Amino acid sequence: MLIQRLSLRLGYDIVLAGGFSGLGEELARVAPSTRVLVVSHERVRSLHGAALERELRGGGVLPEWFEVAEGEANKSLDTWIDLVGRLLRARPDRATPVL
């Protein structure tokens, strides 16, 4: 369900939506990539990962998961550097969305 689309002068939009319905199709429409990099932590993935993955795959988009540890102690520069390194090793290009 689309709630709102914000058009930016930077050449892309931000889409705010409730739930995952239509997300795979929307990503396939706006990003010429068959993959998406998904950043989450274990608890959120355990609660919502299957539904998100089902929706993405239904739109022809394959998720690649990148988990970070939860908690305030992990909101650090070291965690960010580690995450960016893992994302870069996945070799995304400009068309690869990150959720």
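Analysis parameters
- Residues numbered from 1 in each chain as written.
- Predicted model: local features only at pLDDT ≥ 70, side-chain atom pairs only at ≥ 80, totals over all residues.
- Heavy atoms only, no water.
- Helix = DSSP H or I, 4+ residues; strand = E, 2+ residues; numbered from the N terminus.
- Buried < 20%, exposed > 50% of the residue type's maximum accessible area, 1.4 Å probe, protein only.
- Contact = heavy atoms within 4.5 Å.
- Areas by Shrake-Rupley, 256 points an atom, 1.4 Å probe, with all protein chains shown as cover.
- Lys, Arg positive; Asp, Glu negative; His and termini not counted.
- Charge placed at Lys NZ, Arg CZ, Asp CG, Glu CD.
- 1 Å grid on protein atoms, 1.4 Å probe; cavity = no way out; pocket = protein on both sides within 12 Å on 5 of 7 lines; lining within 4 Å.
- Points joined across faces, edges and corners; volume = space filled by probe spheres on them.
- Nonpolar A, V, L, I, M, F, W, Y, C, P; charged D, E, K, R; others polar.
- Salt bridge = Lys/Arg side-chain N within 4 Å of Asp/Glu carboxyl O.
- Core = buried A, V, L, I, M, F, W, Y, C linked by side-chain atoms within 4.5 Å.

Our next topic: the overall build of the protein chain. The number of helices and strands found in the protein chain is 3 helices and 4 strands. When the elements of the protein chain are put in sequence order from the N terminus, they spell out β-β-α-β-α-β-α. Based on the C-alpha atoms only, the size of the protein chain along its principal axes is roughly 35 × 30 × 25 Å. Across the 99 residues of the protein chain, 24% fall into the buried class. Restricting to contacts in the protein chain with at least 6 residues of sequence separation, those with at least 24 account for 65%. Accessible area for the protein chain stands at about 7100 Å²; split by element, carbon and sulfur atoms hold 56% of it. One finds the centroid of the 13 positive side-chain charges in the protein chain at a distance of 4 Å from the centroid of its 13 negative side-chain charges.

In this structure, the largest pocket spans a volume of roughly 840 Å³. Surrounding the largest pocket, 27 residues form its lining, Asp13, Val15, Glu26, Leu27 and Val30 being those nearest its centre. Those elements that provide at least two residues to the lining of the largest pocket are strand S1 (2-7), strand S2 (13-17) and helix H1 (23-30). At 5 residues, the largest contribution of residues to the lining of the largest pocket is made by S2. For the lining of the largest pocket, a count of residues per class yields 18 nonpolar, 5 polar and 4 charged.

Moving on: the pattern of salt bridges. Counting across every chain of the model gives 7 salt bridges. Note that Lys75 is salt-bridged to Glu72, the shortest N-O span being 2.8 Å. Given a relative accessible area of 62%, Lys75 falls into the exposed group. Residue classification places Glu72 among the exposed residues on the basis of a relative accessible area of 60%. Here Asp82 and Arg86 are joined by a salt bridge, their closest N and O atoms 3.1 Å apart. Highlighted residues: Asp82 and Arg86, both in helix H3 (residues 77-89), separated by 4 residues, approximately one helical turn. With a relative accessible area of 42%, Asp82 lands in the partly exposed category.

So, about unusual backbone geometry. Of note, Arg91 is a non-glycine position whose phi angle comes to about 55°, a positive value. With respect to the helices, strands and loops of the structure, Arg91 is situated in the segment after H3. The class of Arg91 is exposed, set by a relative accessible area of 70%.

Right, let's talk about the side chain of Thr96 for a bit. Residue placement: Thr96 occurs in the segment after H3. Overall, the relative accessible area of 10% leaves Thr96 in the buried class. Leaving out residues up to four positions away in the same chain, Thr96 has contacts with Ser33, Arg35 and Leu37.

With that settled, consider the nonpolar core. Listed in full, the 7 residues of the largest apolar core are Leu27, Val36, Val38, Leu52, Leu56, Val61 and Trp65. Only strand S3 (35-40) and helix H2 (42-58) provide two or more residues apiece to this core. Formed by 5 residues, the second largest nonpolar core is a distinct cluster that contains Leu37, Leu83, Leu87 and Ala90.

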